[in-house]
Amino acid sequence: MKLPYYISWTKQKDAETFEIASVNGVTITTTDGRHLIDMTSISYQAHFGHNHPIIIKHIKDQLDTIPMSSPKGIYPGKIETTQSLLRYMKKENGKIFYTTSGAESVENALKIARDITKKKIVLARTNSYHGATLGALSATGDWRNPAHMTPEGWVVRIPEPNELDALEKTRNIILKNGPDNIAAFILETITGGNGVYAGTKEWWQGIKKLCLEFNILLVMDEVVCGFERTGKAFGYMHYGVEADLLCLAKGISGGMIPFGAVWTSEKIADHYEENILCCGLTNYAHPLGMAAMKGVLEIVHDKKFQDNLSHVQNIFKAELEKLKSLSIVKEIRVHGLLCAVDLHKSVAGKKFFNKGLYLVAQTNRIILAPPLIISESLLREGMSKIYEVLEENL
Ligand SMILES: Cc1ncc(COP(=O)(O)O)c(C=O)c1O
């Protein structure tokens, strides 16, 4: 059927869709009666499954009280929920700017970085995705940023962390472009959809050293890694490196309401006491987004949630070990419940779908990011189905 709306990132005539009849926890039932185990949290946002009762309750309660956005209005809970987010991030000295998506978080973080420094160039990795709006897309280095789409001179690429002499080469790039022209680095704490590559602690500390040496800000993109995805509450907690700005979205509302946030350091917050913050949205700090986030913060502090998460992270690792025995599997990179399985050849997404799985299948790679609330039995079932599909395609 020719749809009256677009499907993202595809030729429309080739778009692969599926009809959802209902959702239940981490499973999706299609209208043709298929039960799919969600092994990538849809697009890495369904951290808490598809219909978590706590998030639904908070959204419903908010709908019954103050459902309308009001950027300047202080409604009950707005201050307390923000304070609770800051405590959870262990970043109480900073301040939050709210958005409605990951791209808007990146967009606003880059605007703030350029505004504060009065410099334009942003340094970013080639193997990266930061969002589909023009500013976020310009920082994006993967196939989704074709040359004609974004302005020249906004972004300069740095070597990937695993490249030989990556830090030395990055330093030379800074010197070549002039530190006085470079506003910030923007870096995913662990690349999500582009293969789950993490820089080492030494690399991150080297990047931070360059920031301090040349007065460059560090923007960390936590859109995928935030909210318990990689074995810690946030990706930056792996490295012991302080960011100036942090971009959040996806898990912040568990995907139930479009929502996002930018954390800014105290220094940046102080700057805007005396200077105009030239950023804003009609749906700024939307009460329904705040309500969803309140639910998320309640869930992540729940002992049962945390106990299950540590347990399924261990099961995940053990199940991935089994995949390693298959000759089609080339390399596996895993952090918490985020994983890339590189293959020697590509296996079409349809084959996983037909086996009852929803996951991201790319050329020669699958990405796994099951909901954090998945049970041991469903995780094992999902992983054994993945094993079967790969075994059938050796
Ligand atoms: C690392 C990263 N940053 C930013 C974004 C953009 O988020 P959104 O699609 O909510 O705009 C994404 C989306 O996948 C992402 O993976």
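This text gives an overview of the structure that appears in the document. No experiment lies behind these values; they were computed from the predicted model shown.

1. Comments concerning the site of the ligand
Lining the immediate surroundings of the ligand are Ser-101, Gly-102, Ala-103, Tyr-129, His-130, Gly-131, Glu-188, Asp-221, Val-223, Val-224 and Lys-250. Between the ligand and the protein, one listed contact pairs a nitrogen atom with a backbone N or O atom of Tyr-129 at 3.5 Å. Side-chain polar atom of Asp-221 to a nitrogen atom of the ligand: 2.7 Å apart, as the coordinates give it. Contact with the protein chains covers 80% of the free accessible surface of the ligand, which is 390 Å². Looking at the shell around the ligand residue by residue, the classes come out as four nonpolar, four polar and three charged.

2. Notes on helix α6 (residues 166–177)
With twelve residues, α6 extends 17 Å between its outermost C-alpha atoms, agreeing within 8% with the 16 Å of an ideal straight helix rising 1.5 Å per residue. All of the buried residues in α6 are Ala-166, Thr-170, Ile-173 and Ile-174. Buried residues in α6, looked at end-on, bunch into an arc of 100°, giving them a common side. Of the surrounding elements, those touching the buried residues of α6 are β5 (121–125), β6 (155–158), β7 (182–188) and α7 (201–214). Of the residues one or two after α6, Gly-178 is the one with positive phi, at around 85°.

3. A few points about the packing of aromatic side chains
Under the criterion given, the structure shown has 14 aromatic pairs. Consider the rings of Trp-9 and Trp-143, whose centres lie 5.9 Å apart with planes at 75°: the pair is edge-to-face. A residue pair is termed long-range when its members are at least 10 positions apart, and Trp-9 in the segment before β1 (20–24) and Trp-143 in the loop between α5 (134–139) and β6 qualify at 134 residues. Between the aromatic rings of Trp-204 and Tyr-239, the centroid separation amounts to 4.8 Å while the plane-to-plane angle is 20°, which identifies the pairing as stacked. Remark: Tyr-239 occurs in the loop between β8 (217–221) and β9 (245–248) and Trp-204 occurs in helix α7; sequence separation between them is 35 residues.

4. Things to note about the pattern of salt bridges
Considering all chains together, one arrives at 20 salt bridges under this definition. The residue Arg-365 makes a salt bridge to Asp-342 at a minimum N-O spacing of 2.9 Å. Of the two residues, Arg-365 is situated in strand β15 (residues 365–368) and Asp-342 in strand β12 (residues 338–343); the sequence distance between them amounts to 23 residues. Like Arg-365, the residue Asp-342 is buried in the burial classification. Note that Glu-376 is salt-bridged to Arg-380, the shortest N-O span being 3.0 Å. Of this pair, Glu-376 and Arg-380 both sit in helix α12 (residues 376–392), four residues apart, roughly one helical turn. Judged by relative accessible area, Arg-380 falls into the partly exposed class, the value being 33%. Each of the salt bridges in this network shares a partner with another, and the network as a whole consists of Glu-319, Lys-322, Glu-376 and Arg-380.

5. Re the sheet that holds strand β14 (residues 360–362)
Spatial strand order, β11-β12-β15-β14: four strands in an open sheet with antiparallel pairing. Two strands lie at the open edges of the sheet, namely β11 (329–335) and β14, each paired on one side alone. Each strand of the sheet is rotated relative to its neighbour by a mean of 15°, with strand direction disregarded. Here six bridges tie β11 to β12, and the two strands are oriented antiparallel to one another. Considered in β12, the bridge of Arg-333 is made with Ala-340.

6. Quick look at unusual backbone geometry
Within the chain, Tyr-44 stands out as a residue other than glycine whose phi angle is a positive 70°. Along the chain, the position of Tyr-44 falls in helix α1 (residues 41–44).

The rules behind the values
Residues numbered from 1 in each chain as written. Predicted model: local features only at pLDDT ≥ 70, side-chain atom pairs only at ≥ 80, totals over all residues. Heavy atoms only, no water. Near = heavy atom within 4 Å. Polar contact = N/O pair within 3.5 Å; in protein donor to acceptor, adjacent residues only side chain to side chain. Areas by Shrake-Rupley, 256 points an atom, 1.4 Å probe, with all protein chains shown as cover. Nonpolar A, V, L, I, M, F, W, Y, C, P; charged D, E, K, R; others polar. Helix = DSSP H or I, 4+ residues; strand = E, 2+ residues; numbered from the N terminus. Expected span 1.5 Å × (residues − 1). Buried < 20%, exposed > 50% of the residue type's maximum accessible area, 1.4 Å probe, protein only. Arc of directions from axis to C-beta. Contact = heavy atoms within 4.5 Å. Phe/Tyr/Trp six-rings, centres within 6.5 Å; stacked < 30°, edge-to-face > 60°. Salt bridge = Lys/Arg side-chain N within 4 Å of Asp/Glu carboxyl O. Pairing = 2+ DSSP bridges. Axes fitted to C-alpha atoms, helices over the stretch in contact; angles between N-to-C directions.

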